[in-house]
Amino acid sequence: MTNLEVSPQEELCPPATAEETSGPCLQLWPEREVPLGGVRAMNVKRTLPQRGLPTIGAWCFLDSFGPDRTAMSVLPHPHIGLQTVTWPLAGHIRHRDSVGSDVVVRPGELNIMTAGQGVSHSEFAVLPSDGGQELPLQQGLQLWVALPDGDRHREPAFEQHRELPRAAGQGYTATVMVGSLAGVTSPATVYSPIVGADVSCEGDAVLPLDPTFEHGILVLDGGLAVDGEDLPAGPLGYLGTGRSELRMQARPGTRFLLIGGEPFGEELLMWWNFVGRTHDEVEQARDDWEAQAGLPDTETAAARYGLVPGHGPDAGAEAGRIPAPPLPGVRLTPRKRSVS
Ligand code: MN
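What comes next is a walk through the structure. The residue numbering used here restarts from 1 in each chain and proceeds along that chain's sequence as written. The model is predicted, so local features are restricted to residues of pLDDT at least 70 and side-chain atom pairs to those at 80 or more, both for listing and for counting; the totals for chains, interfaces and linings are taken over all residues. Note that water and hydrogens are dropped before the side-chain values are worked out from all heavy atoms of the structure.

**A few points about the sheet that holds strand S1 (residues 11-13)**
Part 1 of the reasoning: Any two strands with at least two DSSP-identified bridges between them are counted as paired. Runs of H or I in DSSP of at least four residues are treated as helices and runs of E of at least two as strands, each being numbered from the N terminus. Read from one edge to the other, the open sheet built from three strands follows the order S1-S24-S25, with strand pairing classed as antiparallel. Of all strands in the sheet, those with a lone pairing partner are S1 and strand S25 (274-276), marking the two edges. On average, each strand axis in the sheet is tilted by 20 degrees relative to the strand beside it, whichever way the strands run.
Part 2 of the reasoning: Across three bridges, the pairing between S1 and strand S24 (residues 268-271) is antiparallel. Following the sheet pairing, Leu12 is matched in S24 by Leu269.
Part 3 of the reasoning: We call two residues in contact whenever any of their non-hydrogen atoms come within 4.5 Å of each other. Helix axes are fitted only over the stretch in contact, all axes being lines through C-alpha atoms; the angle between N-to-C directions runs from 0 to 180 degrees. On the sheet, helix H1 (residues 279-291) packs against S24 and S25 and is oriented at approximately 145 degrees with respect to S25.

**Side note on the environment of Val275**
Part 1 of the reasoning: Inspection of the secondary structure puts Val275 in strand S25.
Part 2 of the reasoning: Three labels apply to residues, based on accessible area from a 1.4 Å probe with only protein chains included: buried if under 20% of the type maximum, exposed if over 50%, partly exposed otherwise in between. On the accessibility criterion, Val275 (1% relative accessible area) is buried.
Part 3 of the reasoning: For the pair Val275 and Arg32, spaced 243 residues apart in the sequence, the C-alpha separation amounts to 21 Å.
Part 4 of the reasoning: Leave out the neighbours within four places in its chain, and Val275 touches Cys60, Ile80, Gly81, Leu82, Trp144, Ala146, Leu268, Leu269 and Met270.

**Topic: H1**
Part 1 of the reasoning: The end-to-end C-alpha separation of H1 is 18 Å, in line with the 18 Å expected for 13 residues at 1.5 Å each.
Part 2 of the reasoning: Residues His279, Glu281, Val282, Ala285, Arg286 and Trp289 constitute the buried set of H1.
Part 3 of the reasoning: Among the structural elements, strand S6 (73-79), strand S11 (119-125), S24 and S25 are those in contact with the buried residues of H1. Each helix should span, by expectation, one fewer than its residue count multiplied by 1.5 Å.

**Observations regarding the nonpolar core**
Part 1 of the reasoning: Of all hydrophobic cores here, the largest spans 41 residues; its most connected members are Trp59, Leu62, Leu110 and Leu141.
Part 2 of the reasoning: When residues in this core are grouped by element, the largest group, five residues, is from strand S12 (residues 138-146).
Part 3 of the reasoning: Apart from residues lying up to four places away in sequence, Leu62 is in contact with Lys45, Arg46, Thr47, Leu48, Leu141, Gln142, Leu143, Leu218, Leu236, Leu257 and Ile259.
Part 4 of the reasoning: For this analysis, a nonpolar core means a set of buried residues of the types Ala, Val, Leu, Ile, Met, Phe, Trp, Tyr and Cys, connected via side-chain atoms within 4.5 Å. Residues Cys201, Leu209, Ile217 and Leu258 belong to the second largest nonpolar core, which totals 26 residues.

**Here we look at the packing of aromatic side chains**
Part 1 of the reasoning: For Phe, Tyr and Trp, where Trp contributes only its six-membered ring, two rings pair if their centres lie within 6.5 Å, and the inter-plane angle classes them as stacked under 30 degrees, edge-to-face over 60, or tilted in between. Evaluation of the coordinates by the stated rule reveals six aromatic pairs.
Part 2 of the reasoning: Summarising the aromatic geometry, the rings of Phe274 and Tyr305 are spaced 6.4 Å apart at their centres and angled 20 degrees between planes, so their arrangement reads as stacked. In this pair, Phe274 is assigned in strand S25 and Tyr305 in the segment after helix H2 (297-302), connecting sequence segments 31 residues apart.
Part 3 of the reasoning: Using a relative accessible area of 0% as the deciding quantity, one classes Phe274 as buried.
Part 4 of the reasoning: Taking relative accessible area as the criterion, Tyr305 reaches 0% and is therefore assigned buried.
Part 5 of the reasoning: Ring geometry for Trp289 and Tyr305: centres 5.7 Å apart, planes at 80 degrees, overall edge-to-face.

**Considering the sheet that holds S11**
Part 1 of the reasoning: Spatially, the four strands line up as an open sheet ordered S6-S11-S8-S9, and their pairing is antiparallel. Both edges of this open sheet fall to S6 and strand S9 (102-105), since each of them pairs with a single strand only. The average angle at which neighbouring strand axes cross in this sheet is 20 degrees, direction not considered.
Part 2 of the reasoning: Relative to S11, strand S8 (residues 93-97) runs antiparallel, the two being bridged by five bridges. Within S11, the position partnered with Asp97 by the bridge is His121.

Below is the structure:
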């Protein structure tokens, strides 16, 4: 997915300090609707970054899309400095990118793309072949992981994991998307200590956590209580650091996304689909994408963001690319985390 905002603002995310991330807490951060640009009627809710909570570990972006019967059609667009993590909950998505990938990702499967110095990709819903049926339901999660400074200029790469390991314990089962949970480790390549898992639980559940990580929970179905407080579907629940386990009372059929990681100690500058460190760097990334417009395929393939095959002038509804929005005139000042 692309950041669908029409006029994205720069978001300067300060490094997490020890004071801000010391110890357990429970904060509810509301979801917000994303104003949409090119994709009509797609329902997207953002829970990260938040004003006051820019990152959880190296996780710096969390969008939930759907459930909708609008066909996802996201034309080629660029990324730098991050990994995209795509986790469909309903529907099939065809992913094509400038490192040569052309794959379909389904619920239970993970796409993880490392942008590094620059990558481009497209994402389209896979529609019924007879064209006459109702559009399939589309629902899923799109997350970004900020690459640490030592890895953010690396060559782009893509992985798909069709079978992920499962962890189980008191009252829960979990699919480990990235990192490790309860001694079970995902094969997905990541560049900082993080965890991401799709957890199902019921009744009194106890989930083991790494106490050096900060964690967050996004309830997808059902609901649960942590520390005697309700955590419903919708908002992102921030749990802080210092928890070696999470005791929950969960309604039947509860399912949630768990994300966590070591508090990220680097300042980030996020704008549109780019995660960088400075305004000039982001401006250069934008200029490089715009400079690729209209180049012949051979030159596009050799340019910073490469070529996503299949979107040329003869590609019908799949022809084209997403132009970068204008850079905002105002540079934002750093945000501070809200100390609980
Ligand atoms: Mn994208």
